[in-house]
Amino acid sequence: MKTVRLVLALLALTLIAPWQSAKAADVICYNCPPEWADWASMLKAIKADLSYDIPHDNKNSGQALAQILAEKSNPVGDIGYFGVTFGMKAKAQDALEPYKPAHWDQVPAGLKDPDGYWTTIHSGTLGLFVNKDALGGKPVPACWKDLLKPDYKGMVGYLDPSSAAVGYVGAVAVNMALGGSSTNFDPAINFFKELRKNDPIVPKQTSYARVVSGEMPILFDYDFNAYRAKYSEKGSFEFVIPCEGSVVFPYVVGLVKNAPDKEKAKKVLDYLLSDKGQAIWTNAYLRPARPIELPAAVKSKFLPDSDYARAKSVDWGEMENVQKAFVDRYLAEVR
(Lines give C-alpha, C1' and ligand atoms only; values in the text may rest on other atoms or scores of the structure.)
Protein backbone atom coordinates (compact mmCIF):
# COMPACT_ATOMS: atom_id res chain seq x y z
CA MET A 1 0.00 0.00 0.00
CA LYS A 2 2.85 2.37 0.90
CA THR A 3 4.44 1.64 -2.46
CA VAL A 4 1.21 2.51 -4.29
CA ARG A 5 0.91 5.77 -2.36
CA LEU A 6 4.52 6.64 -3.14
CA VAL A 7 4.01 6.01 -6.85
CA LEU A 8 0.82 8.11 -6.84
CA ALA A 9 2.62 10.92 -4.98
CA LEU A 10 5.51 10.89 -7.43
CA LEU A 11 3.08 10.91 -10.36
CA ALA A 12 1.27 13.89 -8.88
CA LEU A 13 4.57 15.74 -8.47
CA THR A 14 5.55 15.14 -12.09
CA LEU A 15 2.22 16.51 -13.24
CA ILE A 16 2.34 19.52 -10.94
CA ALA A 17 6.04 20.41 -11.37
CA PRO A 18 5.79 21.93 -14.89
CA TRP A 19 2.71 23.90 -13.83
CA GLN A 20 4.51 25.17 -10.74
CA SER A 21 7.55 26.09 -12.84
CA ALA A 22 5.39 28.03 -15.28
CA LYS A 23 3.54 29.76 -12.46
CA ALA A 24 6.88 30.71 -10.83
CA ALA A 25 7.72 32.80 -13.92
CA ASP A 26 6.16 36.23 -14.41
CA VAL A 27 6.71 36.19 -18.17
CA ILE A 28 7.66 33.35 -20.54
CA CYS A 29 9.94 34.28 -23.44
CA TYR A 30 10.51 31.61 -26.05
CA ASN A 31 14.04 31.62 -27.47
CA CYS A 32 15.82 33.76 -24.85
CA PRO A 33 19.04 31.72 -24.42
CA PRO A 34 21.51 33.06 -21.85
CA GLU A 35 24.59 32.54 -24.04
CA TRP A 36 23.17 34.30 -27.11
CA ALA A 37 23.01 38.10 -27.42
CA ASP A 38 23.67 38.33 -23.64
CA TRP A 39 20.10 37.47 -22.75
CA ALA A 40 21.55 36.40 -19.38
CA SER A 41 22.36 40.02 -18.50
CA MET A 42 19.09 41.25 -19.96
CA LEU A 43 16.96 38.89 -17.87
CA LYS A 44 18.93 39.84 -14.73
CA ALA A 45 18.32 43.52 -15.47
CA ILE A 46 14.60 42.91 -15.97
CA LYS A 47 14.48 41.10 -12.64
CA ALA A 48 16.27 44.01 -10.92
CA ASP A 49 14.27 46.80 -12.54
CA LEU A 50 10.82 45.27 -13.10
CA SER A 51 10.92 42.46 -10.48
CA TYR A 52 9.83 39.97 -13.16
CA ASP A 53 11.22 36.44 -13.32
CA ILE A 54 11.77 35.24 -16.89
CA PRO A 55 13.33 31.77 -17.24
CA HIS A 56 16.12 31.06 -19.73
CA ASP A 57 14.93 29.32 -22.89
CA ASN A 58 17.34 27.65 -25.33
CA LYS A 59 15.10 27.27 -28.37
CA ASN A 60 16.02 28.69 -31.76
CA SER A 61 13.67 30.77 -33.90
CA GLY A 62 12.06 27.81 -35.65
CA GLN A 63 11.53 25.88 -32.43
CA ALA A 64 10.05 28.93 -30.73
CA LEU A 65 7.54 29.46 -33.52
CA ALA A 66 6.68 25.74 -33.61
CA GLN A 67 5.90 25.74 -29.88
CA ILE A 68 3.81 28.90 -30.06
CA LEU A 69 1.80 27.35 -32.89
CA ALA A 70 1.42 24.05 -30.99
CA GLU A 71 0.06 25.94 -27.98
CA LYS A 72 -2.18 28.25 -29.99
CA SER A 73 -5.41 27.06 -28.39
CA ASN A 74 -3.95 27.43 -24.88
CA PRO A 75 -0.91 29.77 -24.99
CA VAL A 76 1.92 29.36 -22.48
CA GLY A 77 4.52 31.74 -23.91
CA ASP A 78 4.14 35.51 -23.75
CA ILE A 79 6.98 36.73 -25.97
CA GLY A 80 8.76 35.26 -28.99
CA TYR A 81 12.27 36.25 -30.12
CA PHE A 82 13.19 35.47 -33.74
CA GLY A 83 15.40 36.18 -36.69
CA VAL A 84 13.31 38.61 -38.73
CA THR A 85 12.09 36.10 -41.32
CA PHE A 86 10.65 33.90 -38.56
CA GLY A 87 8.97 36.97 -37.07
CA MET A 88 7.29 37.47 -40.43
CA LYS A 89 6.25 33.81 -40.52
CA ALA A 90 4.85 34.13 -36.99
CA LYS A 91 2.68 37.04 -38.09
CA ALA A 92 1.58 35.22 -41.25
CA GLN A 93 0.54 32.18 -39.19
CA ASP A 94 -1.48 34.31 -36.75
CA ALA A 95 0.84 33.50 -33.83
CA LEU A 96 1.35 37.12 -32.72
CA GLU A 97 -0.77 40.13 -31.90
CA PRO A 98 0.20 43.75 -32.49
CA TYR A 99 1.90 45.84 -29.84
CA LYS A 100 4.06 48.91 -30.38
CA PRO A 101 6.45 49.21 -27.41
CA ALA A 102 7.60 52.52 -25.97
CA HIS A 103 10.14 54.14 -28.36
CA TRP A 104 8.74 52.03 -31.24
CA ASP A 105 8.61 55.19 -33.34
CA GLN A 106 12.42 55.48 -33.11
CA VAL A 107 12.99 52.08 -34.73
CA PRO A 108 13.62 52.60 -38.49
CA ALA A 109 10.68 51.69 -40.72
CA GLY A 110 12.50 48.80 -42.38
CA LEU A 111 13.16 47.17 -39.01
CA LYS A 112 9.57 46.77 -37.77
CA ASP A 113 6.20 45.54 -38.88
CA PRO A 114 4.11 48.64 -39.66
CA ASP A 115 1.26 47.31 -37.51
CA GLY A 116 3.50 46.31 -34.60
CA TYR A 117 3.35 42.52 -34.92
CA TRP A 118 7.15 42.36 -34.60
CA THR A 119 9.84 44.91 -33.77
CA THR A 120 13.60 44.72 -34.09
CA ILE A 121 15.48 44.99 -30.80
CA HIS A 122 19.00 44.57 -32.22
CA SER A 123 20.72 43.60 -35.43
CA GLY A 124 23.82 42.14 -36.98
CA THR A 125 25.63 43.53 -40.00
CA LEU A 126 26.98 41.16 -42.62
CA GLY A 127 30.61 41.67 -43.63
CA LEU A 128 34.02 40.03 -43.59
CA PHE A 129 35.31 38.30 -40.45
CA VAL A 130 39.08 38.25 -40.98
CA ASN A 131 41.89 36.44 -39.17
CA LYS A 132 44.76 38.80 -40.00
CA ASP A 133 47.41 36.38 -38.73
CA ALA A 134 46.26 33.80 -41.27
CA LEU A 135 46.56 36.11 -44.32
CA GLY A 136 50.25 35.38 -44.76
CA GLY A 137 51.17 39.05 -44.94
CA LYS A 138 48.47 39.94 -47.48
CA PRO A 139 46.39 43.06 -46.79
CA VAL A 140 42.98 42.85 -45.15
CA PRO A 141 40.47 42.96 -48.04
CA ALA A 142 38.44 46.17 -48.12
CA CYS A 143 35.86 45.31 -50.77
CA TRP A 144 33.81 42.37 -52.04
CA LYS A 145 35.68 42.49 -55.35
CA ASP A 146 39.03 42.22 -53.55
CA LEU A 147 38.11 38.62 -52.74
CA LEU A 148 38.32 37.76 -56.44
CA LYS A 149 42.04 38.56 -56.54
CA PRO A 150 44.40 35.56 -56.88
CA ASP A 151 46.10 36.72 -53.64
CA TYR A 152 43.17 35.30 -51.68
CA LYS A 153 42.96 31.94 -53.45
CA GLY A 154 41.79 29.28 -50.99
CA MET A 155 41.35 31.84 -48.20
CA VAL A 156 37.72 32.92 -48.56
CA GLY A 157 34.81 31.15 -46.91
CA TYR A 158 31.07 31.66 -47.07
CA LEU A 159 28.29 29.47 -45.75
CA ASP A 160 26.34 27.61 -48.42
CA PRO A 161 23.48 29.97 -49.37
CA SER A 162 21.33 27.01 -50.41
CA SER A 163 21.20 25.66 -46.86
CA ALA A 164 22.38 28.27 -44.31
CA ALA A 165 20.52 31.44 -43.39
CA VAL A 166 23.68 33.50 -43.03
CA GLY A 167 24.77 32.17 -46.43
CA TYR A 168 21.67 33.66 -48.05
CA VAL A 169 22.13 36.93 -46.12
CA GLY A 170 25.66 37.06 -47.55
CA ALA A 171 24.32 36.51 -51.05
CA VAL A 172 21.78 39.31 -50.59
CA ALA A 173 24.54 41.59 -49.27
CA VAL A 174 26.79 40.95 -52.28
CA ASN A 175 23.91 41.28 -54.72
CA MET A 176 22.63 44.58 -53.37
CA ALA A 177 26.16 46.01 -53.00
CA LEU A 178 27.04 45.19 -56.61
CA GLY A 179 23.90 46.73 -58.08
CA GLY A 180 21.34 43.93 -57.93
CA SER A 181 17.81 43.88 -56.56
CA SER A 182 15.17 41.44 -55.37
CA THR A 183 14.26 40.81 -59.00
CA ASN A 184 17.83 40.70 -60.33
CA PHE A 185 20.34 38.36 -58.71
CA ASP A 186 22.71 38.44 -61.68
CA PRO A 187 25.41 40.39 -59.76
CA ALA A 188 25.51 37.80 -56.95
CA ILE A 189 25.48 34.84 -59.33
CA ASN A 190 28.29 36.36 -61.40
CA PHE A 191 30.29 37.16 -58.25
CA PHE A 192 30.04 33.60 -56.91
CA LYS A 193 30.96 32.21 -60.33
CA GLU A 194 34.12 34.33 -60.32
CA LEU A 195 34.86 33.51 -56.68
CA ARG A 196 34.65 29.82 -57.47
CA LYS A 197 37.83 30.23 -59.54
CA ASN A 198 39.55 31.23 -56.28
CA ASP A 199 38.70 27.91 -54.57
CA PRO A 200 36.43 29.25 -51.79
CA ILE A 201 35.61 27.17 -48.73
CA VAL A 202 31.83 26.62 -48.57
CA PRO A 203 30.69 24.92 -45.34
CA LYS A 204 27.06 24.38 -44.43
CA GLN A 205 27.33 25.23 -40.73
CA THR A 206 28.71 28.04 -38.60
CA SER A 207 32.47 28.32 -38.92
CA TYR A 208 33.56 30.69 -36.14
CA ALA A 209 36.12 28.19 -34.80
CA ARG A 210 37.62 27.63 -38.24
CA VAL A 211 38.32 31.35 -38.61
CA VAL A 212 39.78 31.59 -35.10
CA SER A 213 42.06 28.63 -35.81
CA GLY A 214 43.25 30.20 -39.06
CA GLU A 215 41.92 27.39 -41.25
CA MET A 216 39.57 29.89 -42.91
CA PRO A 217 41.22 33.35 -42.96
CA ILE A 218 38.19 35.23 -44.36
CA LEU A 219 34.51 34.45 -43.77
CA PHE A 220 31.28 36.17 -44.76
CA ASP A 221 29.81 36.62 -41.28
CA TYR A 222 28.14 39.01 -38.84
CA ASP A 223 29.93 41.80 -37.02
CA PHE A 224 29.12 40.42 -33.57
CA ASN A 225 31.04 37.22 -34.27
CA ALA A 226 34.06 39.15 -35.53
CA TYR A 227 34.04 41.47 -32.52
CA ARG A 228 33.69 38.50 -30.20
CA ALA A 229 36.88 37.07 -31.68
CA LYS A 230 38.66 40.42 -31.68
CA TYR A 231 38.04 41.09 -28.01
CA SER A 232 37.99 37.60 -26.50
CA GLU A 233 40.25 35.32 -28.57
CA LYS A 234 44.02 35.10 -28.89
CA GLY A 235 45.11 36.45 -32.25
CA SER A 236 44.45 39.41 -34.50
CA PHE A 237 40.96 39.69 -35.95
CA GLU A 238 39.12 42.34 -37.90
CA PHE A 239 35.62 43.07 -39.15
CA VAL A 240 35.20 44.74 -42.53
CA ILE A 241 32.07 46.28 -44.02
CA PRO A 242 33.00 46.08 -47.71
CA CYS A 243 33.49 49.33 -49.60
CA GLU A 244 30.59 48.57 -51.97
CA GLY A 245 28.17 48.15 -49.03
CA SER A 246 26.33 45.46 -47.12
CA VAL A 247 23.05 44.71 -45.34
CA VAL A 248 21.65 44.62 -41.82
CA PHE A 249 19.91 41.50 -40.50
CA PRO A 250 17.41 42.17 -37.69
CA TYR A 251 16.42 40.11 -34.66
CA VAL A 252 12.88 40.80 -33.53
CA VAL A 253 10.40 40.27 -30.71
CA GLY A 254 6.64 39.88 -30.81
CA LEU A 255 3.78 39.53 -28.36
CA VAL A 256 2.26 36.03 -28.46
CA LYS A 257 -1.41 36.10 -29.43
CA ASN A 258 -3.58 35.76 -26.31
CA ALA A 259 -0.48 35.73 -24.09
CA PRO A 260 -1.40 34.66 -20.54
CA ASP A 261 0.60 37.49 -18.91
CA LYS A 262 0.03 40.10 -21.59
CA GLU A 263 0.39 43.28 -19.53
CA LYS A 264 3.66 42.17 -17.94
CA ALA A 265 4.91 41.05 -21.35
CA LYS A 266 4.18 44.52 -22.75
CA LYS A 267 6.28 46.10 -19.99
CA VAL A 268 9.12 43.71 -20.84
CA LEU A 269 8.90 44.67 -24.51
CA ASP A 270 9.02 48.33 -23.48
CA TYR A 271 12.14 47.57 -21.42
CA LEU A 272 13.90 45.86 -24.34
CA LEU A 273 13.63 49.09 -26.33
CA SER A 274 14.51 51.40 -23.43
CA ASP A 275 17.87 53.20 -23.35
CA LYS A 276 19.18 50.78 -20.72
CA GLY A 277 17.80 47.71 -22.46
CA GLN A 278 19.25 48.71 -25.81
CA ALA A 279 22.68 49.29 -24.27
CA ILE A 280 22.72 45.79 -22.76
CA TRP A 281 22.71 44.19 -26.22
CA THR A 282 26.03 45.83 -26.99
CA ASN A 283 27.65 43.51 -24.41
CA ALA A 284 27.40 40.89 -27.15
CA TYR A 285 28.41 43.37 -29.88
CA LEU A 286 24.93 43.60 -31.33
CA ARG A 287 23.78 46.91 -32.76
CA PRO A 288 20.80 48.47 -30.93
CA ALA A 289 17.65 48.98 -33.00
CA ARG A 290 17.22 52.54 -31.74
CA PRO A 291 19.78 55.30 -32.36
CA ILE A 292 20.83 55.48 -28.71
CA GLU A 293 24.04 57.07 -27.53
CA LEU A 294 26.41 54.21 -26.71
CA PRO A 295 28.80 54.31 -23.75
CA ALA A 296 32.24 55.43 -24.95
CA ALA A 297 33.85 52.12 -23.93
CA VAL A 298 31.31 50.20 -25.99
CA LYS A 299 31.29 52.51 -28.99
CA SER A 300 35.07 52.27 -29.30
CA LYS A 301 34.78 48.53 -29.97
CA PHE A 302 32.58 48.97 -33.05
CA LEU A 303 33.64 50.26 -36.44
CA PRO A 304 32.90 53.98 -36.90
CA ASP A 305 29.39 55.08 -37.80
CA SER A 306 30.74 56.12 -41.20
CA ASP A 307 31.45 52.44 -41.95
CA TYR A 308 28.03 51.33 -40.74
CA ALA A 309 26.45 53.91 -43.04
CA ARG A 310 27.32 51.49 -45.88
CA ALA A 311 25.11 48.77 -44.36
CA LYS A 312 21.53 49.13 -45.56
CA SER A 313 18.19 47.74 -44.42
CA VAL A 314 16.33 45.64 -46.98
CA ASP A 315 12.83 44.22 -47.20
CA TRP A 316 13.47 40.75 -45.77
CA GLY A 317 9.91 39.69 -46.51
CA GLU A 318 10.56 40.33 -50.18
CA MET A 319 13.96 38.64 -49.93
CA GLU A 320 12.32 35.58 -48.41
CA ASN A 321 9.86 35.44 -51.31
CA VAL A 322 12.67 35.37 -53.88
CA GLN A 323 15.01 33.08 -51.95
CA LYS A 324 14.01 29.87 -53.72
CA ALA A 325 14.57 31.38 -57.15
CA PHE A 326 18.06 32.51 -56.12
CA VAL A 327 18.92 29.14 -54.58
CA ASP A 328 17.79 27.32 -57.72
CA ARG A 329 20.06 29.53 -59.82
CA TYR A 330 22.96 29.16 -57.40
CA LEU A 331 22.72 25.35 -57.47
CA ALA A 332 22.42 25.29 -61.24
CA GLU A 333 25.02 27.91 -62.16
CA VAL A 334 27.55 28.10 -59.33
CA ARG A 335 27.83 24.90 -57.36
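From a predicted model like this one, the values you see are computed outputs, not experimental measurements.

### Section: the overall build of the protein
When its secondary structure is counted, the protein shows 14 helices and 10 strands. A principal-axis box enclosing the C-alpha atoms of the protein has dimensions of 80 × 45 × 40 Å. Residues counted as buried form 52% of the 335 residues belonging to the protein. Taking all contacts inside the protein whose residues are at least 6 apart in sequence as the whole, residues at least 24 apart take part in 76%. In the form shown here, the protein has an accessible surface area of approximately 15300 Å², with 54% of it arising from carbon and sulfur atoms. On the protein, the mean spot of the 39 positive side-chain charges and the mean spot of the 38 negative ones are 3 Å from each other.

### A closer look at the environment of Asp-113
You can see Asp-113 is positioned in the loop between strand 3 (96–97) and strand 4 (119–131). Among the residues examined, Asp-113 registers a relative accessible area of 5% and is labelled buried. Beyond its immediate sequence surroundings of up to four residues, Asp-113 is in contact with Lys-91, Trp-104 and Trp-118.

### Quick notes on the pattern of salt bridges
For the structure on display, the rule yields 25 salt bridges. Here Lys-193 ties to Glu-333 by a salt bridge, and the two come within 3.4 Å at their closest N and O atoms. Here Lys-193, found in helix 6 (residues 186–196), pairs with Glu-333, found in helix 14 (residues 323–333); they are 140 residues apart in sequence, far enough to count as distant. Note on Lys-193: relative accessible area 34%, which makes it partly exposed. Measuring nitrogen to oxygen at the nearest pair gives 2.9 Å for the salt bridge that ties Asp-275 to Arg-290. Linking Asp-275 in helix 10 (residues 275–281) with Arg-290 in the loop between strand 9 (287–288) and helix 11 (296–299), this pair joins segments that are 15 residues apart in sequence. Residue classification places Arg-290 among the buried residues on the basis of a relative accessible area of 7%.

### Concerning the packing of aromatic side chains
By the definition in use, this model includes 25 aromatic pairs. Seen from their ring centres, Phe-192 and Tyr-330 are 5.9 Å apart, and the 90° between their planes marks the pair as edge-to-face. Here Phe-192 is found in helix 6, whereas its partner Tyr-330 is found in helix 14, with 138 residues between them in sequence. When its relative accessible area of 1% is taken as the criterion, Phe-192 is described as buried. Chaining the aromatic ring pairs together yields one cluster made of Trp-144, Tyr-158, Tyr-168, Phe-185, Phe-191, Phe-192, Phe-220, Phe-326 and Tyr-330. One cation-aromatic arrangement involves Arg-287 over Tyr-308; the distance from NZ or CZ to the ring centre is 3.9 Å.

### Brief notes about the confidence of the model for the protein
Scored by pLDDT, the protein has a mean of 90; 93% of the residues are at 70 or more. Here residues 1–23 is modelled with pLDDT under 50, and outside its nearest four sequence neighbours on either side it reaches 0 contacts, counting other chains as well.

### Regarding the side chain of Asp-78
Looking at the secondary structure, you find Asp-78 in the loop between helix 3 (61–70) and strand 2 (79–83). Of the side chains with opposite charge, Lys-264 comes closest to the buried, unpaired Asp-78, at an N-O distance of 8.9 Å. Engagement of the side chain of Asp-78 in a polar contact is seen with the backbone nitrogen of Asp-261, the distance being 2.8 Å. When near neighbours in sequence (up to four residues on either side) are disregarded, Asp-78 contacts Asp-26, Val-27, Ile-28, Gly-254, Leu-255, Val-256, Ala-259, Pro-260, Asp-261, Lys-262 and Ala-265.

### Overview of the nonpolar core
Counting residues in hydrophobic clusters, the biggest one holds 107 residues, and the most contacted among them are Trp-39, Trp-144, Phe-192, Phe-220, Leu-272, Trp-316 and Phe-326. Sorting elements by how many residues they give to this core places helix 5 (residues 165–177) first, with 8 residues.

### A look at the side chain of Asn-198
As for its placement among the helices and strands, Asn-198 is situated in the loop between helix 6 and helix 7 (208–213). For Asn-198, the side chain forms a polar contact with the main-chain oxygen of Lys-149, separated by 2.7 Å.

### Overview of the pairing of strand 7 (residues 237–240)
Residue alternation in strand 7 divides its side chains into two sets, Phe-237 and Phe-239 and Glu-238 and Val-240, and both sets are buried. Alignment of strand 4 against strand 7, held across 4 bridges, turns out to be antiparallel. Opposite Val-130, over in strand 7, you have Glu-238 as the bridge partner.

### Comments concerning the packing of helix 5 against helix 6
Viewed as axis vectors pointing N to C, helix 5 and helix 6 meet at an angle of 110°, and their least axial separation amounts to 7 Å. With respect to helix 6, the element helix 5 is oriented roughly perpendicular. Of helix 6, the residues touching helix 5 (which contributes Ala-171, Val-174 and Asn-175) are Asp-186, Pro-187, Ala-188, Phe-191 and Phe-192. Residues belonging to the contact of helix 5 with helix 6 are distributed by class as follows: 6 nonpolar, 1 polar and 1 charged.

Conventions and cut-offs
- Residues numbered from 1 in each chain as written.
- Predicted model: local features only at pLDDT ≥ 70, side-chain atom pairs only at ≥ 80, totals over all residues.
- Heavy atoms only, no water.
- Helix = DSSP H or I, 4+ residues; strand = E, 2+ residues; numbered from the N terminus.
- Buried < 20%, exposed > 50% of the residue type's maximum accessible area, 1.4 Å probe, protein only.
- Contact = heavy atoms within 4.5 Å.
- Areas by Shrake-Rupley, 256 points an atom, 1.4 Å probe, with all protein chains shown as cover.
- Lys, Arg positive; Asp, Glu negative; His and termini not counted.
- Charge placed at Lys NZ, Arg CZ, Asp CG, Glu CD.
- Salt bridge = Lys/Arg side-chain N within 4 Å of Asp/Glu carboxyl O.
- Phe/Tyr/Trp six-rings, centres within 6.5 Å; stacked < 30°, edge-to-face > 60°.
- Lys NZ or Arg CZ within 6 Å of the ring centre and 35° of its normal.
- pLDDT = per-residue confidence, 0-100.
- Polar contact = N/O pair within 3.5 Å; in protein donor to acceptor, adjacent residues only side chain to side chain.
- Core = buried A, V, L, I, M, F, W, Y, C linked by side-chain atoms within 4.5 Å.
- Pairing = 2+ DSSP bridges.
- Axes fitted to C-alpha atoms, helices over the stretch in contact; angles between N-to-C directions.
- Parallel < 35°, antiparallel > 145°, perpendicular 65-115°, else oblique.
- Nonpolar A, V, L, I, M, F, W, Y, C, P; charged D, E, K, R; others polar.

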